[in-house]
Amino acid sequence: MAQDMPTLTAALTGRVDTGNALQEEQRLMALRQQPHGAMVLDLKGLKYISSAGLRVILRLRKLEADLSLVNASPLVYDILETTGFTQMMPVEKAHRSISVEGCPAIGRGANGVVYRIASDAVVKVYDRPDCLPQVRRERQLARKALVLGVPTAIPYDVVRVGERYGAVFEMLQAQSLSGLIAQSPQDLDRYVALYVELIQHIHAIRVQPGELPSMKELALQWVRDLKPHLAPEKGDKLEALVAAAPDRDTLLHGDCHTNNVMLQGEEALIIDLDTLCVGHPLFELASMHMAYVGFGELNPEAVNAFLRLPAATAQLIWRKSLEGYLGCGGEGANQVEAKAMVLGYARLMRRTLRRGGLDTPQGRAQVALCRERLDGLLEQVDSLDF
């Protein structure tokens, strides 16, 4: 099917006008004979396009339903906007390029690294070079989050960083909680209290049905992907537990660890909003447990590389945060922790499998550990509510 075919990219450069429009059209028509799905015209090197050149694009558009134009200079973009092309097809302006060489990395999320590029600005550089739709989606989610009342920073620019993209945020002297805890471990309790207060604030926000993805629906998909790798009775119970989890209109961040919390003065801000969703708070606690404990269970150095904190400190953050969030410790916190671990290990196992975990010794060990944990937890957990 077309959506499974590779994207075809062609470039327009220099000037395209009456002198060369026919030759450019012939070249593009020859290129499009290659098997492909969507088609992209890269305008990075295009200095000027006349009405003759625009007619070439129009004729191409009639043949290519999924045609988009990227890297248009301000002049070329103005021409396309004035002539209505921006209403007919996706047209992207060229993004300014920046370098993060020598800039300190102050945070790491699931999809990228945050660098401080100035005293009042940071940039989140996404891992994948084809992440531009994800960058745009996160900008939209950041605006939505701000309107809902989430303390966050709005990305005000999209930039190129080498072959990748980044989103620039205004942050005056903000530091990640991970960095602050590493610098001042004696202040751990104060930082955990700010962290818990932020999570509770987010979870107090209610979301209209359909406004954000349902975490429960996503979790059901994880479980269905996992069932062939679990004993039948374990897979059935796991699916039944997730299906029976109460539906909530609670706002969730979805990846709420100390790398994604920035302290600006005494105000805690949450960033990395591409995982924003809705559901039972247990889903949030599950992702937190994985970030602080589960992810580094086989290799504690993985936690240090991710959070820039020792594994023992990360485990302490998890337990203090759980107890602070629940307002209790002891057996009550242990029971909620076990429920969160069910969801967390299911998610981690599915993530490992999707990344080819069965093809490597490390991946197979991770899958085996998750299966072992789930087997034990499913013996004692009978609901995913608290």
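Residues numbered from 1 in each chain as written. Predicted model: local features only at pLDDT ≥ 70, side-chain atom pairs only at ≥ 80, totals over all residues. Heavy atoms only, no water.

Teacher, can you tell me more about the packing of helix α12 (residues 311–326) against helix α13 (residues 330–354) here?
The relative placement of two packed helices is expressed as an angle between their axes plus a distance between the axes. Contact geometry of α12 with α13 gives a least axis separation of 10 Å together with a crossing angle of 105°. As judged from the angle between their axes, α12 and α13 are roughly perpendicular. Within the contact between the two elements, α12 uses Trp318, Arg319, Leu322, Glu323 and Leu326 and α13 uses Gly330, Ala333, Asn334, Val336 and Glu337. In terms of residue class, the contact of α12 with α13 is built from five nonpolar, two polar and three charged. (Axes fitted to C-alpha atoms, helices over the stretch in contact; angles between N-to-C directions. Helix = DSSP H or I, 4+ residues; strand = E, 2+ residues; numbered from the N terminus. Parallel < 35°, antiparallel > 145°, perpendicular 65-115°, else oblique. Contact = heavy atoms within 4.5 Å. Nonpolar A, V, L, I, M, F, W, Y, C, P; charged D, E, K, R; others polar.)

Just checking my understanding: could you explain the sheet that holds strand β9 (residues 121–126) for this structure?
Sheets are built from strands that pair by backbone hydrogen bonding, the pairs being arranged parallel or antiparallel. Taken in spatial order, the five strands line up as β7-β8-β9-β11-β10 in an open sheet, and their pairing is antiparallel. Only two strands of the sheet have a single partner each, and these edge strands are β7 (105–108) and β10 (155–161). Sheet twist, expressed as the mean angle between neighbouring strand axes with direction ignored, is 30°. In this sheet, strand β11 (residues 164–170) lies alongside β10 in antiparallel orientation, the contact comprising six bridges. In the strand pairing of β11, Arg160 is matched with Tyr165. (Pairing = 2+ DSSP bridges.)

Hey, could you run me through α12 in this one?
An α-helix turns once per 3.6 residues; consequently, residues spaced three or four apart project the same way. When the terminal C-alpha atoms of α12 are compared, their 23 Å separation across 16 residues agrees well with the 22 Å that a helix rising 1.5 Å per residue should span. Of the positions making up α12, those classed as buried are Ala311, Ala314, Ile317, Trp318, Ser321, Leu322 and Tyr325. Projected down its long axis, α12 shows its buried positions confined to an angular sector of 125°, all on one face. Where α12 is buried, its residues contact α6 (177–183), α7 (188–203), α10 (281–292), α11 (300–307) and α13. Two residues or fewer past α12, Gly327 is found with a positive phi of approximately 75°. (Expected span 1.5 Å × (residues − 1). Buried < 20%, exposed > 50% of the residue type's maximum accessible area, 1.4 Å probe, protein only. Arc of directions from axis to C-beta.)

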